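# Coordinate inspection notes
What follows is each chain in one-letter form.
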Amino acid sequence: MDQNLHVSTIAHLIQLAIAPVFLLAGIAGLLNVLTSRLARVVDRGRSLERDFVSFDEDTRERASEELLIIIRRMKIVNLAITACTASALFVCLVVAILFVADLAQIAFARPTAVLFIVAMSLLIVGLTLFLAEIRLAARFVSIRHDLLPRPGRERSTGE
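Quick look at the structure, then. (Residues numbered from 1 in each chain as written. Predicted model: local features only at pLDDT ≥ 70, side-chain atom pairs only at ≥ 80, totals over all residues. Heavy atoms only, no water.)

## Brief notes about the overall build of the protein chain
Our working definition: Numbering of helices and strands runs from the N terminus; a helix is a DSSP stretch of H or I covering at least four residues, while a strand is a stretch of E covering at least two. Only protein chains enter the accessibility calculation, which uses a 1.4 Å probe; a residue is then buried when its area is under 20% of its type maximum, exposed when over 50%, and partly exposed in between. We call two residues in contact whenever any of their non-hydrogen atoms come within 4.5 Å of each other. Using a 1.4 Å probe, the Shrake-Rupley method yields the accessible areas, and only the shown protein chains count as cover for residues.
Scanning the protein chain from terminus to terminus reveals 3 helices and 0 strands. Traced from its N-terminal end to its C-terminal end, the protein chain shows the element sequence α-α-α. Classification of the 159 residues of the protein chain by burial places 25% in the buried group. Within the protein chain, counting contacts between residues at least 6 apart in sequence, those at least 24 apart form 77% of the total. Here the protein chain has roughly 11,500 Å² of accessible surface; of this, 63% comes from carbon and sulfur atoms.

Spelled out as structure tokens, the structure:
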């Protein structure tokens, strides 16, 4: 009978841990997006650095400005990755403490709640930084408008 009680207790704890596990999956997806953005920013920066000496004066000036933006974007994405990773670590701590505290019959409700609040706060910081990086990137995207078709004119297909 005592063995069944422990099994049902563990089953209940696993049920409690399901929501944080889904949260971890969401954070993992966000980290995947952030690392992909960081990789693209780094690649663009390396490309600009590699070709910098071959640019004319005007292009070199624009490339310098873009490199400054790239540096800011890399810093913001790195901070977002750090915040989201720390959030995931705190969520893992919450799950671990749920199990340990219940099995050891320790009253850890308040510290667990505080850890979860810290995890959510870090996730909010990470998402806010992600939004800031997206806004920075969108603000400094350069599109050559002379390549776009003008309203009222059909684009020729070259035929």
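From this point, things continue past the structure.
## A short note on the packing of aromatic side chains
Selection criterion: Stacked, edge-to-face and tilted labels apply to pairs of Phe, Tyr and Trp rings (six-membered ring for Trp) whose centres lie within 6.5 Å, assigned for plane angles under 30 degrees, over 60, and everything in between, in that order.
In this structure the tally under the stated criterion is 1 aromatic pair. Ring centres of Phe 52 and Phe 55 lie 6.3 Å apart, and the angle between their planes is 70°; this geometry places the pair in the edge-to-face category.

## Some points on a negative patch on the surface
Applicable threshold: Patch definition: residues above 30% relative accessible area lacking any salt bridge, with like charges linked at up to 9 Å and the nonpolar side chains Val, Leu, Ile, Met, Phe, Trp and Tyr linked at up to 5 Å. Between Lys or Arg on one side and Asp or Glu on the other, a salt bridge is scored when a side-chain nitrogen of the former is within 4 Å of a carboxyl oxygen of the latter. Only four residue types enter the charge count: Lys and Arg as positive, Asp and Glu as negative, with His and the chain ends excluded. One atom stands in for each charge, and that atom is NZ of Lys, CZ of Arg, CG of Asp or CD of Glu.
A cluster of acidic residues, Asp 56, Glu 57, Asp 58, Glu 61 and Glu 65, forms a negative patch at the surface. Its place among the elements puts Glu 57 in helix H2 (residues 57-103).

## A closer look at the pattern of salt bridges
A full pass over the atoms with the stated rule returns 4 salt bridges. Through salt bridges with shared partners, a single network forms among Arg 37, Arg 73 and Glu 133.

## Re H2
The following threshold applies: Multiplying 1.5 Å by the helix residue count minus one yields the expected span of that helix. Polar contact is the term for a pair of N or O atoms within 3.5 Å; when the atoms are in protein, one must be able to donate a hydrogen and the other to accept it, and sequence-neighboring residues count only if both atoms are side-chain atoms.
Its 47 residues give H2 an end-to-end C-alpha distance of 69 Å, which sits within 8% of 69 Å, the value for a rise of 1.5 Å per residue. At the N-terminal boundary of H2, the capping side chain belongs to Asp 56, with an oxygen 3.2 Å from the backbone nitrogen of Asp 58.

## Brief notes about the side chain of Ser 87
Position of Ser 87 among the secondary structure elements: in helix H2. What makes Ser 87 buried here is its relative accessible area of 0%. A distance of 2.7 Å separates a polar side-chain atom of Ser 87 from the backbone oxygen of Ala 119. Not counting the four nearest positions on each side in its chain, Ser 87 is found in contact with Ile 27, Ala 119, Leu 122 and Leu 123.

## Topic: a nonpolar patch on the surface
Among the surface-exposed residues, Ile 10, Ile 14, Ile 18, Phe 22 and Leu 103 lie close enough to one another that they form a single nonpolar patch of about 480 Å² accessible area. The element that contributes the greatest number of residues to the nonpolar patch is helix H1 (residues 2-51), accounting for 4 residues. Secondary-structure assignment places Leu 103 in helix H2. Leu 103 sits in the exposed class, given a relative accessible area of 53%.

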